[in-house]
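# Working through the structure, step by step
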Number of protein chains: 2
Amino acid sequence: MLPVYIAGCGMTEFGRRREGLVELMREAAARALRDSPVAEIDAIYVAAMNPEEFTGDGNLASGVLDALGLTGLPALRVETASSSGAAAFHAAFEAIASGHYRHVLVIGGKKMTHLSTSATTKILAEVIDAEERRCGATMPALAAMMTEKYRRKYRLTAARLEKLLCAVAMKNHLNGARNPYAQFRQPISREQYLASKFVATPLRLYDCAPITDGAAALILTAEATDLWVSGIGQGTAPLSMRERAEFTSFPATQIAARRAYAMAGARPESIDFAEVHDAFTAFEIIGTEDLGFFSPGEGGDAIEHGRTAVDGTLPINASGGLKARGHPVGASGIAQIVETARLLRGSADVELKREPRRGLSQSTGGLAANNFVTIVERRRDGTRVKNLWPGPLAVSQPAPIGPVPLENVINEEEEEEEGKIETFTILHVTPDGFLPPLGLALIRGRRGSMIMGQAEHIDSLAIGKTVYLRKTAGIYTFTVKSNLQSVRA
Amino acid sequence: MLPVYIAGCGMTEFGRRREGLVELMREAAARALRDSPVAEIDAIYVAAMNPEEFTGDGNLASGVLDALGLTGLPALRVETASSSGAAAFHAAFEAIASGHYRHVLVIGGKKMTHLSTSATTKILAEVIDAEERRCGATMPALAAMMTEKYRRKYRLTAARLEKLLCAVAMKNHLNGARNPYAQFRQPISREQYLASKFVATPLRLYDCAPITDGAAALILTAEATDLWVSGIGQGTAPLSMRERAEFTSFPATQIAARRAYAMAGARPESIDFAEVHDAFTAFEIIGTEDLGFFSPGEGGDAIEHGRTAVDGTLPINASGGLKARGHPVGASGIAQIVETARLLRGSADVELKREPRRGLSQSTGGLAANNFVTIVERRRDGTRVKNLWPGPLAVSQPAPIGPVPLENVINEEEEEEEGKIETFTILHVTPDGFLPPLGLALIRGRRGSMIMGQAEHIDSLAIGKTVYLRKTAGIYTFTVKSNLQSVRA
């Protein structure tokens, strides 16, 4: 496998932009080309999630190629939901590592602020399992359920969880304030955080990455530069929450990290800083644990003690992260690597405590269904590098073509079924067709099956409570047993 | 670059299927896995065009992975409009050639027959340039314009063109009749062809590939098998007709072929048979010329003299092609390679005149905006192969970031402008919002600019005629000069 290097990188400012998707991508590409000693490009790898529904752009790879005046060259689009940028980067990496192309331009972008929040939420929610979507589940709803489960598992009080999430939001907004590309360039106070409304308990507006337009581009090359892509790795998890075994960590990140560390010959301790996919504040905490930086349940302590601040021992999201820099889905995975390159080169407006040599970025597709880890190293001495990659890591592989049984846990005829709340949220920003507040819970049925259901009443929801389930018109609804008894009494 | 081999392949039957997209892909994958000595898969590369709008499948790569019971493995989706299958194959090729993965499952699929023809036409037309779409242009309309121009350039009478197109349709339906995977398994007669209605003059229903459900899968491997992927190549052309210099050939195919031949150390004469993207009968004729099999303008003679028949010197679409096997966009690029493998292994229900050693497949994205060529060779002696690839071919590369100027040729204020019809069609199957018959023409303005316009009257349309253009509500309309004079007289 030939070594792969970064020759140049560029980003647009993130935020609400007047330009169209292709125009934004063109701006980012122009900046990357200006930043690069490589002038000839062999191919273009484009990242975007559902540009057809967001902006009506079909055959986007060809459209971007035309806009760049590079028609004739190979161009293709890569997609893995919100990690599409990282996916395109990895595919381009393979193109160069194979020797097929010498220089590849990777561009990711998103234009979404022209749509209403409900329209955007609806399109984004299409990456969620269909049955969970039918209950009204959105990305924030599922993220909130994981957060609540995390709180419970590590025995955090609601106040302590709030404090930790607030610390992530404040840190990332503080970092974003220094980043000229960031959507939000104002620090936020604890009071502002607490004043922000709940989107899905326990997550507030300030726990969620914003809706953002923007694009980012990188040039990957086989010619040695100061930035060597030393490790890449990808991992996946079931699309649906119901089929998962883990609700307080992301196995997809763990697999991706294991692969990337193996390729780079690195360990978590040898990483100097990281960009972690903080689409939700809680995901940054979980992400730092999945990446092996902190033990499970200790990511919050690290934030609280300032270890992940810019002047800490392991800066996380020094760029502001998705939270403050913004999250143009499709661009984010590339933007993280652009920020990594800027930090390694000292061209970001941040000074880290020690001169960084090795940066990691982690990108999440859907609800951590399709995740990527990328490690980039700064080379100062011009020595040649050699990929350590020993071949693909064995991932415990279930028997192929063993489809997940999608059994009907309750027939519509059966009146009631008992279960226990595995985790839950109260959704205050609902998709079209659902009235807020909407109680949603993941329920473990008596036979061990997992069910996503709507609460008939939102009070008394708590992890571990026994509920009665009913199925009506294909949707599960439930009532907490104690509520039911008081109603019946 | 490590050599890449095919370990196994599988397809579903093509046609109108009751199963959903993911289920079809699972069926094809199961067949490919059964066909393969390789049991362990390292990653999955998925091809699909706009599954979000066709079937509501977001994050498709993860969905397919779950359905296969292979969750945990890397999976990503690749898209280049109707050539997505070939694009995913090429990306997977790079993944193995780099040494990153040893065994990759490539799956492409489409579910589209559940939608109305007008809905399907509308979604498919999203890959067309927005301005041309606004005039009512569809894929058949643009294909028809190219066909008319081809007729004119090579001085074919309408009757002779009809005869050639009919010969392609009859040959491919005859071939499809032998293919158990084909959507249409009945030969058609000249009378049936002539009785089929015009979709867009001069193209009839029997000149167009059908709307099809289906999936196809391949396993690529680094371990030597009897099928070696000896050459791949990709080329592109402007999305819009207006920005093209060529209307009777596809430069994107020519570039892709040049690259694939160079990598395989092959020439057109060393190809034993080919699968050519016959989304329209005329495209098979043009394709065989672009691939260097026949001189420009001579593809029709070859068909007429039986040279491309199954028992000819260079069988084209022995499988029935997109025309008769069916065209599940996204699967087609992979299905072509599956058919190539079956022919090479002698497992297709066809016997070629000479035992084939080297097969080529050519896939087209959009109106030949993003094309691929793949060459596969049968190895009988177990000798090791070595990729000849000398690095990327230089493609004449325009200055980067030179955006194509999208000038307004006529201001709405200006009353009239003169131009000449470059090519035209009369569209009988129109997208929603346009009444048939709709005259559409590509018009060369006096200043050399190209304009797509709607005819005010459909009679007297002919290549070379002078027209008067007007722009109303952002759409160009035109009248043939002689008509205008007779109206004014």
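This text goes with the structure placed above it.
Because the structure is predicted, anything quoted here is derived from the model rather than measured. (Residues numbered from 1 in each chain as written. Chains lettered and ligands numbered in written order. Predicted model: local features only at pLDDT ≥ 70, side-chain atom pairs only at ≥ 80, totals over all residues. Heavy atoms only, no water.)

When you go through chain A residue by residue, the secondary structure sums to 15 helices and 16 strands. Relative to the compact-globule value of 23 Å for 489 residues, chain A shows a C-alpha radius of gyration of 22 Å, a close match. For chain A, the spread of C-alpha atoms along the principal axes amounts to about 80 × 45 × 45 Å. For chain A, the residues scored as buried account for 67% of the 489 residues in total. (Helix = DSSP H or I, 4+ residues; strand = E, 2+ residues; numbered from the N terminus. Rg over C-alpha atoms; globule rule 2.2 N^0.38 Å. Buried < 20%, exposed > 50% of the residue type's maximum accessible area, 1.4 Å probe, protein only.)

Our next topic: the interface of chain B and chain A. Each side of the interface is counted separately: chain B has 76 residues, and chain A has 76 residues. Buried surface at the junction of chain B and chain A, both sides included, amounts to about 5900 Å², of which 53% is carbon and sulfur. Where chain B packs against chain A, one counts two salt bridges. A salt bridge links R77 of chain A to E79 of chain B, with the nearest nitrogen and oxygen atoms 2.7 Å apart. At the boundary of chain B and chain A, one finds 18 residue pairs in polar contact (both at pLDDT 80 or more). Of all the secondary structure elements, the ones that give two or more residues to the side of chain B that touches chain A are α1 (21-34), α2 (51-55), α3 (60-67), β3 (75-79), α4 (84-97), β8 (227-236) and α10 (251-264) of chain B. Broken down by element, the residue count for the side of chain B that touches chain A peaks at six residues, all from α3 of chain B. Among the residues forming the side of chain B that touches chain A, the class breakdown is 40 nonpolar, 22 polar and 14 charged. As paired strands, strand β3 (residues 75-79) of chain A and β3 of chain B are joined by three bridges and run antiparallel to one another. Counterpart to V78 of chain A in the pairing with β3 of chain B is V78 of chain B. (Contact = heavy atoms within 4.5 Å. Buried area = accessible area lost by both parts, 1.4 Å probe. Salt bridge = Lys/Arg side-chain N within 4 Å of Asp/Glu carboxyl O. Polar contact = N/O pair within 3.5 Å; in protein donor to acceptor, adjacent residues only side chain to side chain. Nonpolar A, V, L, I, M, F, W, Y, C, P; charged D, E, K, R; others polar. Pairing = 2+ DSSP bridges.)

Two cysteines joined by a covalent bond between their sulfur atoms form a disulfide. Inspection of the entire model under this criterion finds zero disulfides over all chains. In this structure C166 of chain A is a free cysteine whose sulfur lies 14 Å from that of C208 of chain A, the closest cysteine sulfur available. (Disulfide = S-S within 2.5 Å.)

Moving on, we come to α10 of chain B. All names here are of chain B. Its 14 residues place the ends of α10 20 Å apart at the C-alpha level, agreeing with the 20 Å of an ideal helix rising 1.5 Å per residue. Here α10 lies mainly inside the structure; 10 of its 14 residues are buried. Listed in full, the buried residues belonging to α10 are A252, T253, I255, A256, A257, R259, A260, Y261, M263 and A264. Of the surrounding secondary structure, the elements contacted by the buried residues of α10 are α4, β8, α11 (281-290), β10 (358-363) and β11 (370-378). (Expected span 1.5 Å × (residues − 1).)

Our focus in this paragraph is the relation of the copies chain B and chain A. Mapping chain B onto chain A is achieved by rotating through 180° and translating by 0.0 Å along the same axis, at an RMSD of 0.0 Å. Read as a symmetry element, the transformation amounts to a two-fold axis. Within chain B, the C-alpha atom positioned nearest to the axis of rotation is that of S98 of chain B, 1.8 Å from it. (Least-squares fit on C-alpha atoms with pLDDT ≥ 70 in both.)

Quick look at the packing of helix α8 (residues 158-176) of chain B against α11 of chain B now. The description of two packed helices rests on the angle between their axes and on the distance between the axes. All names here are of chain B. Following both chains from N to C, one finds α8 and α11 inclined at 95°, their axes separated by 8 Å at the closest point. Regarding the angle of α8 to α11, the classification is roughly perpendicular. Here L164, L165, V168, A169, K171 and N172 of α8 lie close against α11, whose contacting residues are T281, A282, E284 and I285. Grouping the constituent residues of the contact of α8 with α11 by class yields six nonpolar, two polar and two charged. (Axes fitted to C-alpha atoms, helices over the stretch in contact; angles between N-to-C directions. Parallel < 35°, antiparallel > 145°, perpendicular 65-115°, else oblique.)

Applying the stated criterion across every chain yields a total of six aromatic pairs over all chains. Grouped by ring-pair contacts, the aromatic residues F250, F280 and F283 of chain A constitute a single cluster. (Phe/Tyr/Trp six-rings, centres within 6.5 Å; stacked < 30°, edge-to-face > 60°.)

Turning to the packing of α4 of chain B against helix α14 (residues 332-345) of chain B, a few remarks are in order. Residue and element names in this part refer to chain B. The interhelical angle for the contact between α4 and α14, taken along N-to-C directions, is 70°, at an axis separation of 5 Å. Classified by the angle between their axes, α4 and α14 sit roughly perpendicular to one another. On α14, the residues touching G85, A86 and F89 of α4 are G333, I334 and I337. Split by residue class, the contact of α4 with α14 holds four nonpolar, two polar and no charged.

As a further point, take the side chain of E377 of chain A. All names here are of chain A. Mapped onto the elements, E377 comes out in strand β11 (residues 370-378). A relative accessible area of 4% places E377 in the buried class. Engagement of the side chain of E377 in a polar contact is seen with the side chain of S230, the distance being 2.9 Å. A polar side-chain atom of E377 sits 2.8 Å from a polar atom in the side chain of R358. Dropping the residues within four chain positions of it, E377 is found in contact with D226, L227, W228, S230, A264, L344, R357 and R358.

Moving on to the pairing of strand β4 (residues 103-110) of chain A. Residues and elements named next belong to chain A. Along β4, eight of the eight residues are buried, which leaves the element largely enclosed by surrounding structure. Neither face of β4 is exposed, since H103, L105, I107 and G109 on one face and V104, V106, G108 and K110 on the opposite face are all buried. Of the strand pairs in this sheet, strand β2 (residues 43-47) and β4 are connected by five bridges, and their pairing is parallel. When the sheet's bridge partners are listed, Y45 is paired in β4 with V106. Here β4 pairs with strand β7 (residues 214-221) via eight bridges, running antiparallel. Its bridge partner lying in β7, G109 is registered against A215.

Membership of the largest hydrophobic core comes to 93 residues, with the highest contact counts inside it found for Y45 and L220 of chain A together with Y45 and L220 of chain B. Among all residues touching Y45 of chain A, those that are not within four sequence positions of it are L76, A88, A91, A92, A95, Y101, V104, L105, V106 and I107 of chain A together with E94 of chain B. Judged by nonpolar contacts, the second largest core, of 53 residues, contains A137, A141, L156 and V199 of chain A. (Core = buried A, V, L, I, M, F, W, Y, C linked by side-chain atoms within 4.5 Å.)

Each neighbour pair has its own omega, and for T201 of chain A with P202 of chain A the value is 5°, a cis peptide bond. As for its placement among the helices and strands, P202 of chain A is situated in the loop between β5 (198-200) and β6 (203-204). Cis peptide bonds are those with omega within 30 degrees of zero, and the linkage from P436 of chain B to P437 of chain B qualifies with -10°. Turning to its location among the elements, P437 of chain B is positioned in the loop between β12 (417-427) and β13 (438-445). Phi angles above zero are rare outside glycine, and A368 of chain B is one such case at about 55°. Residue position: A368 of chain B is located in the loop between β10 and β11. For A368 of chain B, a relative accessible area of 1% gives the class buried.

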